[in-house]
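Residue-level structural notes
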Amino acid sequence: MTERPYVLLSCATSMDGYLDDASGQRLVLSNEADLDRVDEVRAGCDAILVGAGTVRRDNPRLLVRSARRRAARLARGLPASPLRVTWTGCGDLDPTARLFTTGGADRIVHCATSTVEKTADRLAGLATVVDAGEPVDPARALADLAARGVRRLMVEGGPTVLAQFLAAGLADELHLVVAPFLVGDRRAPRFVGDGRFPWHPGRRARVAEARQIGDVVLIRYALSARCDGG
């Protein structure tokens, strides 16, 4: 099998580990300087992945924002933005979501075997739908992306997808941004929920970098030997 893509997880949390609050409106955890850093990381990847829950909740475009970075990618013979990818177990994706209606980047939907036909019908002409097992198998999805030439994958959430990569030991690097406030609401989504993970008190992840960016802090964790810490 082709070597799986390098997997970089990216998320921002409150000081008490929440990815959002329970208000129904998106909680802003980062700042403009850090969002620009995220945009730079996006521009250096071959594909960006979020779960279907994030598509429904946040309605992201998953495009490179900077015109300069888009132009630099085009100059290298790449699309202006990376391939956009989502996972779904139930196939409940809105074809009018911005992921499917904005930008020129190609879109891949990895879905559970039982929902392939339904998802393909719903997203006809908008995305390539791929059978990724029942339930969706992260390793199988990564193999599909590798076969499509994806060497570097950025995963931007949500909590279920992040936990799947971490629990399966399929992440090479984690960019964790911590905002300077608390949410304190158990109804809100956390990073991450219960699970068995390869990193524990007996096997600590290595800190590759810690950096203040305005009022937030970026911590880069090396999660595999593929992460050189640079």
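Please refer to the structure higher up on the page.
Residues numbered from 1 in each chain as written. Predicted model: local features only at pLDDT ≥ 70, side-chain atom pairs only at ≥ 80, totals over all residues. Heavy atoms only, no water.

1. Points about the layout of surface pockets
Size it by volume and the largest pocket reaches roughly 920 Å³. Every residue lining the largest pocket is counted, 35 residues in all, and those nearest its centre are R26, L35, R42, D58 and E156. Within the residue set of the lining of the largest pocket, elements represented by two or more residues are strand 1 (6-13), helix 1 (32-43), helix 2 (52-58) and helix 7 (159-167). For the lining of the largest pocket, the element with the highest residue contribution is helix 1, accounting for seven residues. (1 Å grid on protein atoms, 1.4 Å probe; cavity = no way out; pocket = protein on both sides within 12 Å on 5 of 7 lines; lining within 4 Å. Points joined across faces, edges and corners; volume = space filled by probe spheres on them. Helix = DSSP H or I, 4+ residues; strand = E, 2+ residues; numbered from the N terminus.)

2. Examining the pattern of salt bridges
Should the charged atoms of two oppositely charged side chains come close, the side chains can pair. Tallied over the entire structure, the rule returns 16 salt bridges. Linking D39 and R69 is a salt bridge whose minimum nitrogen-to-oxygen distance equals 3.0 Å. Of this pair, D39 sits in helix 1 while R69 sits in helix 3 (residues 67-75), placing them 30 residues apart in sequence. Of the two residues examined, D39 and R69, each falls in the buried class. Residue R220 pairs with E173 through a salt bridge whose shortest N-O separation is 2.7 Å. On the criterion of sequence distance, the pair formed by R220 in strand 9 (residues 216-222) and E173 in strand 7 (residues 173-178) is long-range, its members being 47 residues apart. Of the two residues, R220 and E173, both sit in the buried class. Each member of the salt-bridge network shares a partner with another, and the members are E3, R4, D172 and R226. (Salt bridge = Lys/Arg side-chain N within 4 Å of Asp/Glu carboxyl O. Buried < 20%, exposed > 50% of the residue type's maximum accessible area, 1.4 Å probe, protein only.)

3. Focus: the side chain of R4
Relative to the helices and strands, R4 is located in the segment before strand 1. For R4, a relative accessible area of 18% corresponds to the buried category. Polar side-chain contacts of R4 include one of 2.8 Å to the side chain of D172. Ignoring any residue separated from it by four or fewer positions in sequence, one finds R4 in contact with L142, A146, G169, L170, A171, D172 and R226. (Polar contact = N/O pair within 3.5 Å; in protein donor to acceptor, adjacent residues only side chain to side chain. Contact = heavy atoms within 4.5 Å.)

4. Focus on the pairing of strand 8 (residues 206-213)
Summarising the sheet, strand 8 and strand 9 pair through seven bridges and their orientation is antiparallel. In the strand pairing of strand 9, I213 is matched with V216. Counted along the chain from strand 8 to the antiparallel partner strand 9, the turn is two residues long, and its residue G214 has a positive phi close to 60°. (Pairing = 2+ DSSP bridges.)

5. Re the sheet that holds strand 4 (residues 107-111)
Strand-to-strand pairing in sheets goes through backbone hydrogen bonds, with the strands running parallel or antiparallel. Taken in spatial order, the nine strands make up an open sheet running 5-4-3-2-6-1-7-9-8, and their pairing is mixed. On the outer flanks of this sheet lie strand 5 (128-131) and strand 8, each paired with one strand and no other. Strand-to-strand twist in this sheet, taken as the mean axis angle between neighbours without regard to direction, amounts to 20°. By the bridge criterion, five bridges tie strand 2 (residues 47-51) to strand 3 (residues 83-88) in an arrangement that is parallel. (Axes fitted to C-alpha atoms, helices over the stretch in contact; angles between N-to-C directions.)

Structural measurements only, silent on function.
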